[in-house]
Number of protein chains: 6
Amino acid sequence: MRILLINPNTSRAMTAKIADAARGVAGPDVVVDAVCPAVGASAIESHVDEVAAAAAVVELVAADRDGASPADAYVIACFGDPGLDAARELVDAPVVGIAEAAMHLAAVSGRHFGVVTTLSRTLGRAHDLVARYGMERACVSLAATGIPVLDLEETGSLAVETIASHSADAAAGGADVIVLGCAGMADLCAELTARVGVPVVDGVAAAVGMASGMVRMGLGTSKRDEYALPARGAAAPTLPPQAANLEVFA
Amino acid sequence: MRILLINPNTSRAMTAKIADAARGVAGPDVVVDAVCPAVGASAIESHVDEVAAAAAVVELVAADRDGASPADAYVIACFGDPGLDAARELVDAPVVGIAEAAMHLAAVSGRHFGVVTTLSRTLGRAHDLVARYGMERACVSLAATGIPVLDLEETGSLAVETIASHSADAAAGGADVIVLGCAGMADLCAELTARVGVPVVDGVAAAVGMASGMVRMGLGTSKRDEYALPARGAAAPTLPPQAANLEVFA
Amino acid sequence: MRILLINPNTSRAMTAKIADAARGVAGPDVVVDAVCPAVGASAIESHVDEVAAAAAVVELVAADRDGASPADAYVIACFGDPGLDAARELVDAPVVGIAEAAMHLAAVSGRHFGVVTTLSRTLGRAHDLVARYGMERACVSLAATGIPVLDLEETGSLAVETIASHSADAAAGGADVIVLGCAGMADLCAELTARVGVPVVDGVAAAVGMASGMVRMGLGTSKRDEYALPARGAAAPTLPPQAANLEVFA
Amino acid sequence: MRILLINPNTSRAMTAKIADAARGVAGPDVVVDAVCPAVGASAIESHVDEVAAAAAVVELVAADRDGASPADAYVIACFGDPGLDAARELVDAPVVGIAEAAMHLAAVSGRHFGVVTTLSRTLGRAHDLVARYGMERACVSLAATGIPVLDLEETGSLAVETIASHSADAAAGGADVIVLGCAGMADLCAELTARVGVPVVDGVAAAVGMASGMVRMGLGTSKRDEYALPARGAAAPTLPPQAANLEVFA
Amino acid sequence: MRILLINPNTSRAMTAKIADAARGVAGPDVVVDAVCPAVGASAIESHVDEVAAAAAVVELVAADRDGASPADAYVIACFGDPGLDAARELVDAPVVGIAEAAMHLAAVSGRHFGVVTTLSRTLGRAHDLVARYGMERACVSLAATGIPVLDLEETGSLAVETIASHSADAAAGGADVIVLGCAGMADLCAELTARVGVPVVDGVAAAVGMASGMVRMGLGTSKRDEYALPARGAAAPTLPPQAANLEVFA
Amino acid sequence: MRILLINPNTSRAMTAKIADAARGVAGPDVVVDAVCPAVGASAIESHVDEVAAAAAVVELVAADRDGASPADAYVIACFGDPGLDAARELVDAPVVGIAEAAMHLAAVSGRHFGVVTTLSRTLGRAHDLVARYGMERACVSLAATGIPVLDLEETGSLAVETIASHSADAAAGGADVIVLGCAGMADLCAELTARVGVPVVDGVAAAVGMASGMVRMGLGTSKRDEYALPARGAAAPTLPPQAANLEVFA
């Protein structure tokens, strides 16, 4: 089984990190590949970035689908789940967003979860996703650390400190489980779990788990109506070739 | 006062038609300009199209903002309200989507409304918007006519027939008001009102009304946090120049 | 176009003030008249007052409708939107409440708004309206300043101070936009906007904007079933002539 | 214990009928009195009627409160629960609306209930009450028979036939319990229960049961803030004396 | 009329106390009997306890139903309402849970209520019940005192102090009414009401009031489909005889 | 990795069937064991059955936990998810219900799903679960086939015919995905998928997929407060040893 992990920002370092995290939790029969666009937003921290990210997801999924050996499942590795609906139109395979997966698994791990994310300006999108996935009762807090996505690389232990502190606040406020609100936090999950004392969910791992389970049981994307291949999307997406030279982290 | 109407598909005929509809309901002190992208989706009928439409909206709003005389308000003239959040980040002026405006005004015109739209595959997006705008109680039906957007031009009276029939069904089922689910139906609104016997709301007109009211009272987009100008969006959006030669219908 | 502004309390000073506010934001083609009842509640600050206010609204709308030149739209200028459903039964024209209008426009200006109002005992009614208009997700706070309606006149700058302080608290708590919860605050809107740093919405201006937009597009009140003229309401309302000598602020 | 039953329309025959129904289910220690206004709406079938009804409720409750032996509890015997919030401001005793009581008891009698009422134009108000009382999940249908309130008197067995038919439809559609949507149906409850085969709830009986239970346990209306006596309501309501010669059905 | 009060834990002292509380508020025509299981959980403070409690409720209701003089109504005297749905399958009579009854009456006594309960680990169950009974808008706070159920007996005035303090916090936070979240607090209700200054609702009293009202009006449990007697439940429940020697507090 | 599948009814044949279905979709590194109680309900088709099922789940989980090699995850293989909260208190490992898992995966496979289940009397429980898991928007239909659980074994192709027919109706009504509402349908999933033309989700497979994904990423049950081991549950559950001679299908 092959899962394609799509990082919709252009950070090669972050893509490699996410791929590592995914491989660490994938079953023995799962191959994880990862890609990111060659041009576009360097981090997804605004609605404008989300628009660029969605365009990148569409292109990367379509390119893989039209390649020699299309993936058995696709994971969108950005907490805003950009382009999720569009990607589902393009393939029969399951497409799983990391916010979606993290919330679904967090709701199984405990009654209430809290999201700890990067910049406060992204909380609006998180609110939208909580509503879209039916998590209004399960999600009891959305907190921003103020750490920009790309600073997660550099700040290292300081980032852990800040995220752990917000996570502890969320737990004190009623969260049984913490959801990490950025793919770039994937490598911090184990350390945070140890420090916070409640389960911490990384969406990349969650999505790989859900996607591989779906593949094993033969469950793909429903092609009934909404997610059927669009007439004009059959040959190729209508977007410009912004990401022609994909970086593949196989 | 100048309002910029953004049709995110590439149909010049439809853009001209929408501009006419908007001008017919604008106050005497309002100038309506209209634009559409030079390349992109010819109609917005899938989530893949929505991604392209959002990218077009971002570019067109940014281009106008950076032009000689930026608009006092922006209207996104596609019923999926693509790129609405992103456009709000780019300007201080109000940005109004036509689905949003139509639903808000329909909720003032009667207790319950029904949406009549084009293809059934777009109903998922409509469901999302109903939830996003808090219209779960107000919206009692979502119906698709099966008419593709671009066929609205050609089928003429047949389209009116079909839309009127679905509207009558919606009214019989409890809708006090009908919301037209496509900008391309703007020119049919008066005829449909006469035939269906309940108010019929065209989102283009609704959005122009809301936007001009907001401009008169000095109410723009809140720039607090979520909709503040993104750091990387200050100079120019991160999208490729897909719509370089904008068609302006001034 | 003529809009009739209905202040359902008996304060002539407040009626004049509201009329001024409305005229300041009306389009060049809009005439705003204002009326208040001759007897009734001097301010609307309790459910008992709401009952009196609703009765006044019914009478004043019916009297105007039966007059020589009925208005093209009616605005109920009290934040409880008293008598809104009843007034809709009486006329074909649009009827817009100021709470309703303020919330709809606030939801377009930003994702989340907070309401700042007068006495805490009115918050229950505000909760009801938030639910009725589908604003549970958009409205993130309801705060009372403790200032009685009629003290807004006298306290001047002190009132601004208190309202600004509560508005700042609401913004700090996540409100992108502030909604003023009393028609009597209409004249403070501009000053508050300047002080608070986020958009502040006065419902009177909002309602005039929505109502005039509706008139221009030919959108009135749906007369299907619920809002059809009641059998016994055709000739005259069944209420006593409490407001015989209407004060008209034309 | 004395319960005052308030019929807010002017029908003496209906008031007597409701009083009989209430007495039939009251405990041995409960005295039921009934009143109706001398002038006002002859039936409550529109929002305009609701406004008149609310005014009547305020007056009748205040008059009883200021009388020689105020009631221990008040029941508002009209399915729109007009004036409920206002009446709660006026007294310390419990005030129970019949729609409210019927829905609360129906939700204990089965999982899902359906409401069968008079004219379809009243369904909007019923929707509001379902939401206000938190019954969105419990209430699975709202159906109108088309029978005007006052025709319930005259049509006798025909009315039973029609209501039974709509009740059977509701049961077939998933309603475990039927709620009668008009006080004027109180005398038909037993016959309907026998015919429909599922429990049928008359709100008058339900409200008397809830109110007397509240009195026995010392539970009145909370006077904290919202329902505290209004400053201007202490002496007398601000409404005109429309119902000076109350009809008392003691 | 005979009401059977079912305490699903094994505490004889608590059963006697609850029975006293119930008798104090029952009408003159109501006999209250009380039972508890001979073996099982000594207090219901976890989901594991809830499972045992539900089993006890099923047995005790079935045993009473099959006895010489079955009760006219059943009250489940544990705030988790364990076994409520199952008990409804077993009898035609009304079955009322004390959480359910307390919330319904609290919602009639004021707009917003707060629950004050025992251990924080039971709040999850309380959240579930708030949702099940449609009380998301009415219930504004859920607070745990940290007092284990059985300590309520011993700590006496200290428990009152703690519960009163949490109740006052709830009232300050917007609760018009306090709901006591444990049957074992039934005897403290009067004292708490006096101290807190807002109505305090004991679910045992509330349930006895609702149940006796339902009996008087002939309203039992709907036997349509969901709550019809199960095929295998007709003779006897499928549970082991854990409570063979029932303690009856008649 | 070892997953324990708990069938809470006493059918050995059904337990074996479920175990087969689970093994067919488990990863190569997963061992699936299955157990059922020796005494109890032969099928779970009522709330009384649910109570017995919850008791069985508690015992079976506790027995496994206290055994030589406790499982790494537990799956409750009954669509009512009986005892789910209680089981979570007893172990640190993940506990996944099949209704829960099926709904979470169905929501990833398409926007809207429909549940097709056995007897209509179980729909109430299904409604509760839909609300508990936040699936009110995702779940668009709940349909009962009328086939008792144990008849699924015997009726073979007739059952497939009936379930397929209800599934097709659900798809025609807007369901993108079908959720099978009984563990006993696990072996029919592939055939149904082929016939219905939209994805069909078997909860047993879904739960095994989610549970194994959770184990791989180190995500168990949060032990914060609600799901911490109960004081009295540490040694052994408080239930009688009804299932002493467990049937283990290893």
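Keep in mind that this is a model prediction, so the values were computed, not measured. (Residues numbered from 1 in each chain as written. Chains lettered and ligands numbered in written order. Predicted model: local features only at pLDDT ≥ 70, side-chain atom pairs only at ≥ 80, totals over all residues. Heavy atoms only, no water.)

1. With respect to the overall build of chain A
Next, step 1: Across its full length, chain A holds nine helices and nine strands.
Next, step 2: Here the C-alpha radius of gyration of chain A, 17 Å, is about what a compact globule of 250 residues would show, namely 18 Å.
Next, step 3: Reported as C-alpha extents along the three principal axes, the dimensions of chain A are approximately 50 × 35 × 35 Å.
Next, step 4: Split into buried and exposed, the 250 residues of chain A put 68% on the buried side.
Next, step 5: Long-range pairs, those at least 24 residues apart, make up 74% of the contacts in chain A between residues at least 6 apart in sequence.
Next, step 6: As presented, chain A carries roughly 7000 Å² of accessible surface, and 54% of it is formed by carbon and sulfur atoms.
Next, step 7: The centroid of the 16 positive side-chain charges in chain A is displaced by 5 Å from the centroid of its 29 negative side-chain charges. (Helix = DSSP H or I, 4+ residues; strand = E, 2+ residues; numbered from the N terminus. Rg over C-alpha atoms; globule rule 2.2 N^0.38 Å. Buried < 20%, exposed > 50% of the residue type's maximum accessible area, 1.4 Å probe, protein only. Contact = heavy atoms within 4.5 Å. Areas by Shrake-Rupley, 256 points an atom, 1.4 Å probe, with all protein chains shown as cover. Lys, Arg positive; Asp, Glu negative; His and termini not counted. Charge placed at Lys NZ, Arg CZ, Asp CG, Glu CD.)

2. Comments concerning the side chain of glutamate 89 of chain E
Next, step 1: Mapped onto the elements of the fold, glutamate 89 of chain E is located in helix 3 (residues 84–90).
Next, step 2: For glutamate 89 of chain E, a relative accessible area of 0% corresponds to the buried category.
Next, step 3: At a separation of 2.7 Å, a polar atom in the side chain of glutamate 89 of chain E contacts the main-chain amide nitrogen of histidine 47 of chain F.
Next, step 4: Beyond its immediate chain neighbours, meaning those up to four positions away, glutamate 89 of chain E contacts Lys223, Glu226, Tyr227, Ala228, Leu229 and Pro230 of chain E together with Ser46, His47, Val48 and Arg121 of chain F. (Polar contact = N/O pair within 3.5 Å; in protein donor to acceptor, adjacent residues only side chain to side chain.)

3. Considering the interface of chain F and chain A
Next, step 1: Chain F puts 48 residues into the contact, and the matching count from chain A is 48 residues.
Next, step 2: The largest per-residue losses of area from chain F upon contact with chain A belong to Val108, Arg111 and Arg224 of chain F, which jointly make up 19% of the total buried on that side.
Next, step 3: Our count for the contact surface shared by chain F and chain A stands at eight salt bridges.
Next, step 4: Its salt-bridge partner being aspartate 176 of chain A, residue arginine 224 of chain F comes within 3.1 Å of it at the nearest N-O pair.
Next, step 5: For the pair chain F and chain A, the interface holds 23 residue pairs in polar contact (both at pLDDT 80 or more).
Next, step 6: Elements represented by at least two residues in the side of chain F that touches chain A include exactly helix 3 (84–90), strand 4 (95–97), helix 4 (98–109), helix 5 (123–132) and helix 9 (203–216) of chain F.
Next, step 7: A class-by-class count of the residues in the side of chain F that touches chain A yields 24 nonpolar, 11 polar and 13 charged. (Buried area = accessible area lost by both parts, 1.4 Å probe. Salt bridge = Lys/Arg side-chain N within 4 Å of Asp/Glu carboxyl O. Nonpolar A, V, L, I, M, F, W, Y, C, P; charged D, E, K, R; others polar.)

4. Considering the pairing of strand 1 (residues 2–6) of chain E
Residue and element names in this part refer to chain E.
Next, step 1: By the criterion of burial, strand 1 is predominantly enclosed, with five of the five residues buried.
Next, step 2: Burial along strand 1 is two-sided: Arg2, Leu4 and Ile6 facing one way and Ile3 and Leu5 facing the other are all buried.
Next, step 3: As paired strands, strand 1 and strand 2 (residues 31–36) are joined by five bridges and run parallel to one another. Counterpart to arginine 2 in the pairing with strand 2 is valine 31.
Next, step 4: For the crossover from strand 1 across helix 1 (residues 12–25) to strand 2, the handedness is right-handed. (Pairing = 2+ DSSP bridges. Right-handed = clockwise from strand over helix to strand, strands pointing away.)

5. Considerations on the sheet that holds strand 6 (residues 139–144) of chain B
Residue and element names in this part refer to chain B.
Next, step 1: What the four strands build is an open sheet, ordered 6-5-7-8; its pairing is parallel. Two strands lie at the open edges of the sheet, namely strand 6 and strand 8 (200–201), each paired on one side alone.
Next, step 2: Bridging between strand 7 (residues 177–180) and strand 8 involves two bridges; their strand directions are parallel. Its bridge partner being in strand 8, isoleucine 178 is matched across the sheet by valine 200.
Next, step 3: Against the sheet, helix 5 (residues 123–132) engages strand 5 (113–117) and strand 6, with an angle of about 160° to strand 6. (Axes fitted to C-alpha atoms, helices over the stretch in contact; angles between N-to-C directions.)

6. Remarks on the environment of aspartate 72 of chain B
All names here are of chain B.
Next, step 1: Among the structural elements, aspartate 72 can be located in the loop between helix 2 (47–65) and strand 3 (73–76).
Next, step 2: Of the residues examined, aspartate 72 reaches a relative accessible area of 34% and is grouped as partly exposed.
Next, step 3: Each C-alpha atom, one on aspartate 72 and one on isoleucine 3, is 5.8 Å from the other, the two residues being 69 residues apart in sequence.
Next, step 4: Setting aside chain neighbours within four positions, we find aspartate 72 in contact with Met1, Arg2, Ala93, Pro94 and Val215.

7. Topic: the domain arrangement of chain A
All names here are of chain A.
Next, step 1: What the domain assignment lists for chain A is domain 1 (2–97 + 206–248) and domain 2 (99–202).
Next, step 2: Each of domain 1 and domain 2 has a C-alpha centre, and the two are 22 Å apart.
Next, step 3: Counting residues at the interface gives 28 residues for domain 1 and 29 residues for domain 2.
Next, step 4: Here domain 1 and domain 2 share an interface that buries about 2200 Å² over both sides, 60% of which is from carbon and sulfur atoms.
Next, step 5: Contact with domain 2 buries area across many residues of domain 1, yet Lys17, Glu45 and Phe79 alone supply 36% of it, more than any other trio.
Next, step 6: Across the contact surface, domain 1 and domain 2 share four salt bridges.
Next, step 7: Ionic pairing is found between arginine 125 and glutamate 50, a salt bridge with its closest N-O pair at 3.8 Å.
Next, step 8: Only helix 1 (12–25), helix 2 (47–65), helix 3 (84–90), strand 4 (95–97) and helix 9 (203–216) provide two or more residues apiece to the side of domain 1 that touches domain 2. (Domains from an automatic or database assignment.)

8. Some details on the pattern of salt bridges
Next, step 1: Applying the stated criterion across every chain, the model contains 102 salt bridges over all chains.
Next, step 2: Salt-bridge contacts for arginine 121 of chain F lead to glutamate 89 of chain E; the nearest nitrogen and oxygen are separated by 3.1 Å. Taken as a pair, arginine 121 of chain F in the loop between strand 5 (113–117) and helix 5 and glutamate 89 of chain E in helix 3 lie in two separate chains rather than in one.
Next, step 3: Of the residues examined, arginine 121 of chain F reaches a relative accessible area of 12% and is grouped as buried.

9. Quick notes on helix 5 (residues 123–132) of chain C
Residue and element names in this part refer to chain C.
Next, step 1: Considered for burial, the residues of helix 5 that qualify are Leu123, Gly124, Ala126, Leu129, Val130 and Ala131.
Next, step 2: Of the surrounding secondary structure, the elements contacted by the buried residues of helix 5 are helix 4 (98–109), strand 5 (113–117) and strand 6 (139–144).
Next, step 3: Just downstream of helix 5 lies glycine 134, where phi reads positive at about 75°.

10. Here's the deal with the confidence of the model for chain A
Next, step 1: Residues of chain A with pLDDT of at least 70 account for 92%, and the chain-wide mean is 93.
Next, step 2: Counting interchain partners and residues more than four positions distant, the pLDDT-below-50 stretch residues 234–246 of chain A has 33 contacts. (pLDDT = per-residue confidence, 0-100.)

11. Digging into the state of the cysteines
All names here are of chain A.
Next, step 1: Within the structure shown, the criterion is met by zero disulfides over all chains.
Next, step 2: For cysteine 36, which is in no disulfide, the shortest distance to another cysteine sulfur is to cysteine 78 and amounts to 13 Å.
Next, step 3: Cysteine 78 supplies the cysteine sulfur nearest to cysteine 182, a cysteine that is in no disulfide, at a spacing of 7.2 Å.
Next, step 4: Judged by relative accessible area, which is 7%, cysteine 182 ranks as buried. (Disulfide = S-S within 2.5 Å.)

12. Here we look at the sheet that holds strand 5 (residues 113–117) of chain A
Residue and element names in this part refer to chain A.
Next, step 1: Spatially, 6-5-7-8 is the arrangement adopted by the four strands of the open sheet, whose pairing is parallel. Each having just a single partner strand, strand 6 (139–144) and strand 8 (200–201) make up the two edges of the open sheet.
Next, step 2: In terms of strand pairing, strand 5 meets strand 6 through five bridges, oriented parallel. For valine 116, the partnering residue across the bridge sits in strand 6 and is alanine 143.
Next, step 3: Across the sheet, helix 5 (residues 123–132) lies against strand 5 and strand 6, angled at about 160° from strand 6, the strand it touches most.

13. Digging into the relation of the copies chain F and chain A
Two copies of the chain are present, and they differ by a rotation about an axis and a shift along that axis.
Next, step 1: With an axial shift of 0.0 Å and an RMSD of 0.0 Å, the rotation relating chain F to chain A amounts to 180°. Viewed as a symmetry operation, the transformation between the two copies matches a two-fold axis. For chain F, the smallest separation between a C-alpha atom and the rotation axis is recorded for glycine 134 of chain F, amounting to 2.2 Å.
Next, step 2: The fraction of interface residues of chain F whose copies in chain A are also interface residues reaches 100%, indicating that both copies meet through the same surface. (Least-squares fit on C-alpha atoms with pLDDT ≥ 70 in both.)

14. Section: the packing of helix 9 of chain A against helix 9 of chain F
Next, step 1: Remark: helix 9 of chain A packs on helix 9 of chain F, axes separated minimally by 8 Å, with the N-to-C direction vectors making an angle of 140°. In the crossing of helix 9 of chain A with helix 9 of chain F, the sense of the turn from one axis to the other is right-handed. Only Gly209, Met210, Gly213 and Arg216 of chain F of helix 9 of chain F make contact with helix 9 of chain A, whose side of the interface consists of Gly209, Met210, Gly213 and Arg216 of chain A. (Left-handed = near helix turned anticlockwise from the far one by under 90°.)

15. Section: the environment of valine 57 of chain E
All names here are of chain E.
Next, step 1: Looking at the element boundaries, valine 57 is found in helix 2 (residues 47–65).
Next, step 2: Residues valine 57 and isoleucine 6, 51 residues apart in the sequence, show an inter-C-alpha distance of 6.9 Å.
Next, step 3: Here valine 57 is in contact with Ile6, Pro8, Ile76, Pro82, Gly83 and Ala87, once residues within four sequence places are set aside.

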